Amino acid sequence: MPMPHTYRQASREWRAMLDDAKDRMGLISDNSAYTALQGVLYVFRRRVTVQQGLIFASMLPCVPRAIFVEDWDVALPQLPFGSREEMTVEAKALRPHHNLTPDNAIEATAWTLRRAVLPAVFDRAVAACPAGAVEFWHTDADPSELGPRIV
């Protein structure tokens, strides 16, 4: 079996994702974009079971997949989904002294991830998650903008 595409193209995929996130969030540094993406991924994983989280993570490109599972304390209780505003505040709480996460971080992260993954694969993984997941990852983006660009 050949090496999975996401491993062969990891650096290119991650660079494209950081650039997309920076552009969509109006950020200027890779560090700020990384913190925002990480915060949003952590907010989401607090609301899924381990099994649901692993299904979700398995369809992500390898770098965001690693971020999603990094330091996951699976013993913590699962939280309910809240409003985007509440969950954005939670994402902003990650490294609060160095966090420039904007108010559109969840939508921008959804857009960024959806530009890196086949739409049907993304939707199938999100459908395996609890109620609230579809709304969490919703974006009003033009469908022609979405789907993998690194092939």
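Our subject is the structure listed above.
About the cut-offs
Residues numbered from 1 in each chain as written. Predicted model: local features only at pLDDT ≥ 70, side-chain atom pairs only at ≥ 80, totals over all residues. Heavy atoms only, no water. Helix = DSSP H or I, 4+ residues; strand = E, 2+ residues; numbered from the N terminus. Rg over C-alpha atoms; globule rule 2.2 N^0.38 Å. Buried < 20%, exposed > 50% of the residue type's maximum accessible area, 1.4 Å probe, protein only. Areas by Shrake-Rupley, 256 points an atom, 1.4 Å probe, with all protein chains shown as cover. Lys, Arg positive; Asp, Glu negative; His and termini not counted. Charge placed at Lys NZ, Arg CZ, Asp CG, Glu CD. Arc of directions from axis to C-beta. Contact = heavy atoms within 4.5 Å. Core = buried A, V, L, I, M, F, W, Y, C linked by side-chain atoms within 4.5 Å. Expected span 1.5 Å × (residues − 1). Salt bridge = Lys/Arg side-chain N within 4 Å of Asp/Glu carboxyl O.

**With respect to the overall build of the chain**
Step number 1: Regarding its fold elements, the chain presents nine helices and zero strands.
Step number 2: N-terminal to C-terminal, the α/β element order of the chain is α-α-α-α-α-α-α-α-α.
Step number 3: For a compact globule of 151 residues, the expected C-alpha radius of gyration is about 15 Å, and the chain comes in at 14 Å, within 12% of that figure.
Step number 4: Seen through its principal axes, the chain has C-alpha atoms that stretch 40 × 35 × 30 Å.
Step number 5: Looking at the chain residue by residue over its 151 residues, the buried ones come to 48%.
Step number 6: Put simply, the chain shows about 7,900 Å² of open surface, and 59% of that area lies on carbon and sulfur atoms.
Step number 7: In the chain, the 16 positive side-chain charges and the 18 negative ones have mean positions that sit 5 Å from each other.

**A short note on helix 6 (residues 84-92)**
Step number 1: Taken as a whole, helix 6 has its buried residues at Met 87, Thr 88 and Ala 91. Buried residues of helix 6, seen end-on, are gathered within an arc of 105° and therefore sit on one face of the element. Within helix 6, the exposed residues directed more than 90 degrees away from the buried face are Glu 85, Glu 86 and Val 89.

**Regarding the environment of Ala 133**
Step number 1: Topologically, Ala 133 is positioned in helix 9 (residues 133-136).
Step number 2: With 52 residues separating them in the primary sequence, Ala 133 and Phe 81 have C-alpha atoms 7.8 Å apart.
Step number 3: For Ala 133, the residues in contact, after removing those within four places along its chain, are Phe 44, Phe 81 and Val 126.

**Here we look at the nonpolar core**
Step number 1: Counting 39 residues, the largest nonpolar core has Phe 44, Phe 56, Phe 68 and Trp 137 as the members making the most contacts within it.
Step number 2: Secondary structure elements with two or more residues in this core: helix 2 (10-25), helix 3 (30-45), helix 4 (50-58), helix 5 (62-69), helix 6, helix 7 (105-114), helix 8 (119-127) and helix 9.
Step number 3: With sequence-adjacent residues up to four places away left out, Trp 137 is seen in contact with Val 40, Leu 41, Phe 44, Phe 56, Arg 84, Thr 109, Ala 110, Leu 113, Arg 114, Phe 122 and Val 126.

**A few points about helix 2**
Step number 1: Under the 1.5 Å per step criterion, the end-to-end length of helix 2 is 22 Å for 16 residues, consistent within 8% with the ideal 22 Å.
Step number 2: Regarding helix 2, the residues found buried are Ala 10, Glu 13, Trp 14, Ala 16, Met 17, Leu 18, Asp 20, Ala 21, Lys 22 and Met 25.
Step number 3: Contacts made by the buried residues of helix 2 are with helix 1 (5-8), helix 3, helix 5 and helix 7.

**Focus on the side chain of Arg 114**
Step number 1: Tracing the sequence through the fold places Arg 114 in helix 7.
Step number 2: Sequence-distant contacts of Arg 114, defined by excluding residues within four places in its chain, comprise Phe 122, Asp 123, Trp 137, Thr 139, Leu 146 and Gly 147.

**Examining the pattern of salt bridges**
Step number 1: Considering all chains together, one arrives at ten salt bridges under this definition.
Step number 2: Of the charged contacts in the structure, one is a salt bridge between Arg 47 and Glu 90, with a shortest N-O distance of 2.6 Å. One end of the pair, Arg 47, is in the loop between helix 3 and helix 4; the other, Glu 90, is in helix 6, and 43 residues separate them in sequence.
Step number 3: Taking relative accessible area as the criterion, Arg 47 reaches 5% and is therefore assigned buried.
Step number 4: Looking at Glu 90, the relative accessible area reads 21%, which means it is partly exposed.
Step number 5: One salt bridge in this structure joins Asp 103 and Lys 92, with 2.4 Å as the shortest N-O distance. With Asp 103 in the loop between helix 6 and helix 7 and Lys 92 in helix 6, the pair connects residues that are eleven residues apart, well separated along the chain.
Step number 6: When its relative accessible area of 28% is taken as the criterion, Lys 92 is described as partly exposed.

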